[in-house]
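Coordinate inspection notes
Chain residues, written in single-letter form:
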Amino acid sequence: MTEHSDADAAPWHLRPWIIGLVCAFGGLIFWLLTDHDFATPLPPVRQAMATFTAVGTLSLVLTIERLRWSWAIGFALVWALITAFVGWSTASYGQGAAVYEWPYFAGLFAVLLAGPLFQTIRDEGTWQLPYPRLYAHFWNDAVIGAASLFFTGLAFLLAWLIAGLFAIIGIDALNTLLAKAWFGWTLAGFAFGAAVGILREQDGFVPALQRLAMAVLRVLAPVLAFALAAFLVSIAFTGLQGLWDSWLSATALLLAASAGAVLLVNAVIAESRSERPHNRVLHLSALVLVAVILPLSILAALALGLRIDQYGWTPERIWGSVAVAVAVVYGLGGWWAILAARQDFDEPLRPFQTRFAIGLCAAALLLALPIVDFGAISTRSQLVRLEQGKISPNQFDWAAMAFDFGPTGRDRLAKIARSGPAAWREPARSALQADERWAVAKADISAREAAELTSRIRVLSGDLELTPEVLRRIAAQQQCLPGSQCALLKLDQSRLLLVSAGDGQANVTSTVVNLDTAADREAERDPAETGIVNLETATIELRPIERRQLFVEGRPVGEPLK
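In every chain, residue numbers begin from 1 and rise along the written sequence. Only residues with pLDDT of 70 or above have their local features reported here, since the model is predicted, and side-chain atom pairs are shown and tallied only from 80 upward, although totals for entire chains, interfaces and linings are computed over all residues. Side-chain measures were taken over the full set of non-hydrogen atoms in the model, leaving aside hydrogen atoms and water.

Focus: helix α8 (residues 205-238)
This is how it is decided: Helix and strand assignments follow DSSP, with helices taken as H or I runs no shorter than four residues and strands as E runs no shorter than two, numbered in order from the N terminus. Residue count minus one, scaled by 1.5 Å, sets the expected span of a helix. What is called the bend at a residue is the angle between a pair of axes, fitted to the seven residues leading up to and ending at it and to the seven starting from it. Exposure classes here rest on a 1.4 Å probe applied to the protein chains alone. A residue is buried below 20% of its type maximum, exposed above 50%, and partly exposed in between. By the convention used here, residues are in contact when the closest approach between their heavy atoms is within 4.5 Å.
Helix length check: α8 (34 residues) gives 49 Å between terminal C-alpha atoms against 50 Å at 1.5 Å per residue, within 8%. Of all the bends in α8, the greatest reaches close to 25° and is centred on A221; the proline P222 follows between one and four positions later. Taken together, the buried positions of α8 are occupied by V206, P207, Q210, M214, L217, R218, A221, A225, L228 and I235. Packed against the buried residues of α8 are α5 (131-168), α7 (181-201), α9 (241-245), α10 (250-269) and α11 (280-311). Among the residues trailing α8, G239 stands out with phi positive, at a value near 80°.

Structural data, given as structure tokens:
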């Protein structure tokens, strides 16, 4: 496996300096576009411009060669424009103006896949994708990118060391410079770009890193193959209930296992049969890994389907379905390769992977663009569940409607707030008026818990009525959770005293709830260790006590003395 293609093997000694300066300039521009007061969201236009700068710079420096260098500039500009548009549409979609959502990540993933495909076409000078060269570019880019990030970290460590040495003798100029964000981004860009340029010029170093990475991954292949095969066999005896009951996402775990299997398979089968290791155990391990991807993806589909049936569609579950579909397609391709060639499954698998990479790149780009509205699909799904009574208004995720489901979700919330059922109007109106998602989510949680509090609260004051507002205030304190014991006393017309103890805990907490203050204001809490008590039967009373207090010139000093 060689680093340079035949046509660009001539050294380019200025490349590290050129690429380093390009990345340094890109880092400085990125900082200028993203520097802002983090208390307010960055406007979508600036997020799009920052995306254009980052994607364009990195695409250019990772793909440029003297051979057809204008092609690399065109590739970088096109993908920078595409991802900038994706970033703008993503940031403009939700209420929080955040670019870091699934469509944005899909666009970045499409760029990562497109890079090696472009590099291979550029080397060939035509629309051909010979697998050995495509395979080499995938691994080259991965190794060079990781090594360059490592070099960037070393550059900062060295800079901090030098700055520390000068600081010892009273020269703080370097420390001051490193504390500036603009300098950090510029230094990071130059270090990363210079590292990429240096590694591209080393004919022997990058292949050595690749061989090391391959050797490590190939050692892991038998381990993962045995573990996944044992896992699937064990399911025949244990059943699937453990997957459904796990606090971890079964779908995410199964998809991660499938992705790991794909990675290790490619490390073993190499770019051609002649380069494939002759070790029988490694080849059998790759065969097992290819075979288990389909059943793992089917289990992931079942786990995700169960969640969708229970809780309906959300954008995250739609993206999860896309990931499962990708895994199923690859798994089917792997089984086809095994059935077609048996022990030589890698021969048909390689061309299949080329077509798969092209299709996956196109699919990721299509889903990243604002063509299919996942928020509209999720809005319809969730409202159908609410209308059919599968979920109560207190349990409904009003925050997701306002902040995650885009314009369709907010439009439906506005309609509900105007003319929806009475029990829906207030939470819909509150969600529309909220500036931050967490405030709506906290109110939703408090509303759900308030409906369950009555059975857990022991009322100790005869004139105290558990009105909906009182229950919401108590729920907001997060002190009377399921499994805990609670008691409530009335101190005066505006203050309540909540006494709470966790199940089996020796601490009793008293919380003063002021009904005249804002609902989200932190209440005064005073935990004390009393030993394990049963608040349902314990004697709970307020007693007057006498304290001593220090006074100086008639003014109290310090806390009261016991």
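Moving on from the coordinates now.
Quick notes on the confidence of the model for the chain
Formally: Confidence scores here are pLDDT values: one per residue, from the predictor, ranging 0 to 100.
Looking at the chain, pLDDT values average 87 and 91% of them are 70 or higher. Confidence drops under a pLDDT of 50 for residues 1-8, and excluding neighbours within four residues, the segment shows 27 contacts in the predicted structure.

Focus: helix α2 (residues 44-63)
Here α2 is 20 residues long and its end C-alpha atoms lie 28 Å apart, about the 28 Å a rise of 1.5 Å per residue gives. Restricting attention to buried positions, one finds in α2 the residues Q47, A48, A50, T51, T53, V55, G56, T57, S59, L60, V61 and T63. The inward-facing, buried residues of α2 abut α1 (15-34), α3 (69-93), α4 (102-124) and α7.

Overview of the state of the cysteines
Filter applied, for reference: We call a pair of cysteine sulfur atoms a disulfide whenever their separation is within 2.5 Å.
For the structure shown, the criterion picks out one disulfide. There is a disulfide in this structure between C480 and C486, and the S-S distance comes to 2.0 Å. Between C480 and C486, the S-S torsion sits near 130°, and that sign places the bridge as right-handed. You can call C480 buried: its relative accessible area is 4%.

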